[in-house]
Structures are given as structure tokens and as C-alpha cells.
Amino acid sequence: MMAETWIRPVPVVTAESEVFYSGLKERRFLVPRCRSCDAYNWTPYPACRSCQSMDLEWVEVSGRGTIYTFTEIHVGARPFTTDGPYIWAFAQLEEGPRPLIVMGNLIGVGPEEIQIGMPVSIGYHDIPGHDLTMYHFEPTTDATSDGAEG
Amino acid sequence: MVFPSREVAVVGVYTTEQAPTLDRSGFSLEIEAMTGALAEAGLTVADVDGIATTRMTSEVSGSYDPLYFWAEQMGQRPLRYLGSGLPAAALGKAATAIAAGMCETFVLVHGKSGTKINPAKAAMPTAAEQVGAWSERLYGASRAGWYAVWARRYMHEFGVTSEQLAQVAVDARHHATFNPNSIMGDRGEITVDDVMSSRTIASPLHLLDCALDNDGGYAVVLTTTERARDLKATPVTILGAGESIYIDYYLNLPSPLFPPEGGAVRKAADTAFGLAGVTHDDIDVAGLYDCFTVTLLRDLEEMGFCPLGEAAAYVKDGHTRLGGSMPTNTDGGCLSSSHNGHPGGMHVIEVVRQLRGTVTPGRQVPDAQLGVALSQGMSVMGGAGVLVLGVE
């Protein structure tokens, strides 16, 4: 799956996203939570969507969740289809009560085996040639993956 | 039927050739559409004092506001009203500006050539492109992908099947066969099996569940009903309009994804129907955004034409097909006529032509007096504009 040169898009990491991407390097998935009303805010946004407070803190979540919905993309972005179709999914993480639904690629499972509601975990992979770690979803197993597949 | 007193009408519409690829600039489509729509009304560019455009910039000056491009292009005459929003919403707001006296004659113009929505049409990169920290593109999202995950969850929650989605494409193609200007009409009818056996684009959506991805342009002209009496085309009165947005651009799925109270589309539709003083049962013909088959099903539910989860049965019963209670997308829609990048205006134009009684006989809805158009999009249902139109 890994090309010699990484040709999939990479994020421009700024002051607003540096904590998150530093967390990924440490195999931690961090989500902004509002100190005023405790709401999780995903995708990160400048102020809490529930109460408009800018007093947000990054908190680590478990990385466990279930597939909320998914698609197998056959005709899509070319850097992703070099090895055939790929899975783009939304996972609902176990934290709440407001649904915390995160997009990403699901790997390590055949498309015919994927179902809405199946347990998944967030895994991490280092991007070759870049000082960057990205996350993905993978089926939940007893030994939570921390591999560099990707 | 007696309409409430209304002061603004559609007096000119124009569609350029719509084709998979046009060997001409987007600007040439815009200028043909603008002058064509004005000519249909018996007006010229010199009459226009309000405008909205789908272009993103002035590529000549580099201005971030494309309306300055048009102010210059139209001869440096002062424009009095600068429009915005999805096409049906832009027209609705312009109507309020005309009624209030802020401007008199308004044109909405669109033209697109050369660019494609399908990401597979882009060149293979040789290095990693830098994108925003939370961009969908980090994970290879596509427009078909967004609508596919929406469709998947919709089918899961309401027990809807791929065959039921496919019926929307079958009906759209049926309508397109009566529209010589549609891109797919001359390919003839399709069946549910044809849709199901077309190749997968993003599961569960097949090729024939997806809109076209073509070039083309259009324009729509509004002015006062008083002035419309002296113009060439049959005026179509704007009876009500609504606009709503509720989520940023392809960043998250709306949550909840299927709110019983509805989202932006419901809000825009309720506003438009309320201002028009009409009910759903009054509508004779509709043009509802249909970028994918699932989109039309959700349009019908969100707008209140049927309860949540029951649109497949509504379509199956034939309500939206020619001959039904509310023929919908009678030109073939985005699925079989044209998706030219900003096709919301195409739905408006087809409804206008239906109400004038000027479409080809095979698709003319008899005695159509009231129509509704929905422009929609942005993170599956994040933005909406609704226009209720009528003729006496």
C-alpha cells in the first residue's frame, strides 16, 4: 500500500491543530472539550458549538467506537485508488453524550465484512518522508493495534 | 386559485448547451446565458441593476468578490443589489429586494466549463498536496462518498433498498427522454436492473445513482410584475421563498443525520410555503435538487411531501413521475439532464417553463399553475433555497 513517495494529501499543521497532531505522534487521539459545558467538539472549531465559550481543552479519548456509516469508494481521489477501492467511514466514538463522530479510512477488514455498528478502534501510522502521524480505523481486537501499516 | 398579491416575476430564462465537455470558456457560457435570458424578456444588460453569480472570483483583477467582475464587465454602471446564496435562495432574496425598491431588474448567471467534480478526473499527484488540518481530503473523501455514507445510514435506519433508490434514476431518465436538450435523453429508458448493474462509484451508490458531471450555463431574470406586463415572455410570479444553512462545508455529517423536525431544507421549505400561503397538495410541478438518487428521497421528506423514511414508497407510487400528482424534475434533473456544477438554477428554469406551458409536449404537466424549486447541497443537506412560483 505504501508508495515510495507519499502522494496522499498531508495537513498544514497550525497553532490550532498542533496539539492534535502532536497527540497522534504519541498514539493519543485528542478532542477539544468545553470547560464551560463539558461538550465534546469534533471537528475542532474556534469556540464551543453548544455555548460559544472559547475555553476549550484537549482531552484524550479512548479511541474505541463503532462504525456509524461507511462507503467503499471505487472512483475517488487518485492517490487513494492506486491499490483499488478504499473504505471511507465515520466512526462514533464511545464518549458522549453528544455523538462524537469522526471520519477516517477503515483498514484491515474486507468490505463484505463491514457493518454499521461494528466495533472499531483508532490506529496510527507514521507518514514516510514527513514528520507526521495520521490515524485510521481498524477492527477492534483484544490487542489494540499500534502498528505502522497505513 | 387566488394568489396573494405579489410584486416580482421571472421574466427571462436561458439555458446554454449542456454537454459532458464544451470547448469554450465558462465566461462565454455566462455571457451567452445572461444576454439570452435578457433578450427573452426583451431587456438588455443596460436594464440590469442587481446580480448574483456562481463564479468564485474576478479572475481579471483578483478580487475576492466576483460581483465586481460583473460590475466592470457590464459597463461600470452602478449595480444596486448584490445577491448571494444557492440559486433558488438568491432569486428569492432578490425578489424581496425588488419588492422593496432596492433594485428593479436582477439577473442570476452561471457558466462552467472544463473543471470536473469527479476527483478521478484530476491528474495523479507526484507529491503530497498540503490541505487543511481537518480536511476531508486527508481521507480521500469524494462528493459521491459523502452521499454514499448518507445513503448507507439512511437505508440502515429506514429499511430502504438500493432498488428503491434506483427508481429515482429510472424516473429521471424517463423524463429526460422527452427533453431533447438533456444529455442522457437520447440514450433511452433505463430499468432498476440497469441502475443496479452499473458499476459501483461509492457503495451503495452505482454510476446511475449519480448526477452527471458536465459543462453548461444558465441565467434567470427577475423584475417587477408591473414592468413584466410590457415584456415578451409570460411572467411567472414569485410567491414565496426561503433559505437556510446549518453546517460548514463538507466537514462533518449533520448530527443527528435524520432529525424528525428536519434541518435546513425543512426550514427553507416551511418559510417559502408559509410566505406563499400555499400547501404541499397545491403544488403541480416540482424541481428538487437530485445530485444522487438518495438526495431526491430526502428532499421529499425534508420538504414535507411525505413522512420521514417514506419517500421510497412515495416515489414508487408514481407521485413524482410524469402523470403523477407532482411530476418532479421533468427535464431529467441532475441525474439525466445536466449537472453543470451549480445546477440549482436548472430546476428553477424547468419549473418556470412548465408554468409557462412551453416545454416539449411529452413532458408538459397539464394546467400547471403552482410550482416549487429546491436548490440544495453542502454536506448532504447543509444548505437550501426554496422558491414557490405561480402563474395566474
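Since we're looking at a predicted model, the values are computed, not measured.

Description of the environment of E112 of chain A
Residue and element names in this part refer to chain A. With respect to the helices and strands, E112 occurs in the loop between β6 (100-105) and β7 (119-126). What makes E112 exposed here is the crowd of 7 C-beta atoms within 10 Å. It is 20 Å that separates the C-alpha atoms of E112 and T82, two residues lying 30 residues apart in sequence.

Observations concerning the environment of V195 of chain B
Residue and element names in this part refer to chain B. Relative to the elements of secondary structure, V195 occurs in helix α6 (residues 192-197). Through-space distance from the C-alpha of V195 to that of V48 is 44 Å; in sequence the pair is 147 residues apart. Those residues in contact with V195 that lie beyond four places of it in its chain are A166, A169, V170, I190, H206, L208 and D209.

Describing the pairing of strand β4 (residues 64-73) of chain A
Residue and element names in this part refer to chain A. Within β4, eight of the ten residues are buried, leaving the element largely enclosed by the surrounding structure. In this sheet, β7 lies alongside β4 in antiparallel orientation, the contact comprising three bridges. Opposite G65, over in β7, you have V120 as the bridge partner. In terms of strand pairing, β4 meets strand β5 (residues 86-93) through eight bridges, oriented antiparallel. Of the residues in β5, the one forming a bridge with T66 is Q92.

Thoughts on the sheet that holds strand β12 (residues 383-390) of chain B
All names here are of chain B. Sheet architecture is open: nine strands sit in the order β3-β2-β4-β8-β1-β9-β12-β11-β10, paired in mixed fashion. With partners counted over all chains shown, the strands left at the sheet margins are β3 (81-82) and β10 (285-288), one partner each. Pairing analysis gives four bridges linking strand β2 (residues 50-53) to strand β4 (residues 106-112), with the strands arranged parallel. What sits directly across from A52, in β4, is L108. Sitting on the sheet, helix α8 (residues 264-276) is in contact with β9 (236-245), β11 (370-377) and β12, with an inclination near 150° to β9.

Let's talk about the pairing of β12 of chain B
Residue and element names in this part refer to chain B. Across the eight residues of β12, eight count as buried, placing the element largely inside the fold. Residue alternation in β12 divides its side chains into two sets, G383, G385, L387 and L389 and A384, V386, V388 and G390, and both sets are buried. Bridge count for β9 against β12 is eight bridges, and the pairing is antiparallel. Looking at the pairing, I238 lines up with L389 of β12.

A closer look at the nonpolar core
Residues and elements named next belong to chain B. Counting residues in each nonpolar core, the largest one holds 148 residues, and the members touching the most others are L222 and L387. When residues in this core are grouped by element, the largest group, nine residues, is from helix α4 (residues 143-158). Discounting chain neighbours no more than four positions away, the residues touching L387 are A88, L91, G92, I238, A241, A272, V348, V372 and A373.

What counts, and where the lines are drawn
- Residues numbered from 1 in each chain as written.
- Chains lettered and ligands numbered in written order.
- Predicted model: local features only at pLDDT ≥ 70, side-chain atom pairs only at ≥ 80, totals over all residues.
- Helix = DSSP H or I, 4+ residues; strand = E, 2+ residues; numbered from the N terminus.
- Buried ≥ 20, exposed ≤ 12 C-beta atoms within 10 Å, placed from the backbone.
- Contact = placed C-beta atoms within 7 Å.
- Pairing = 2+ DSSP bridges.
- Axes fitted to C-alpha atoms, helices over the stretch in contact; angles between N-to-C directions.
- Core = buried A, V, L, I, M, F, W, Y, C linked by C-beta atoms within 7 Å.

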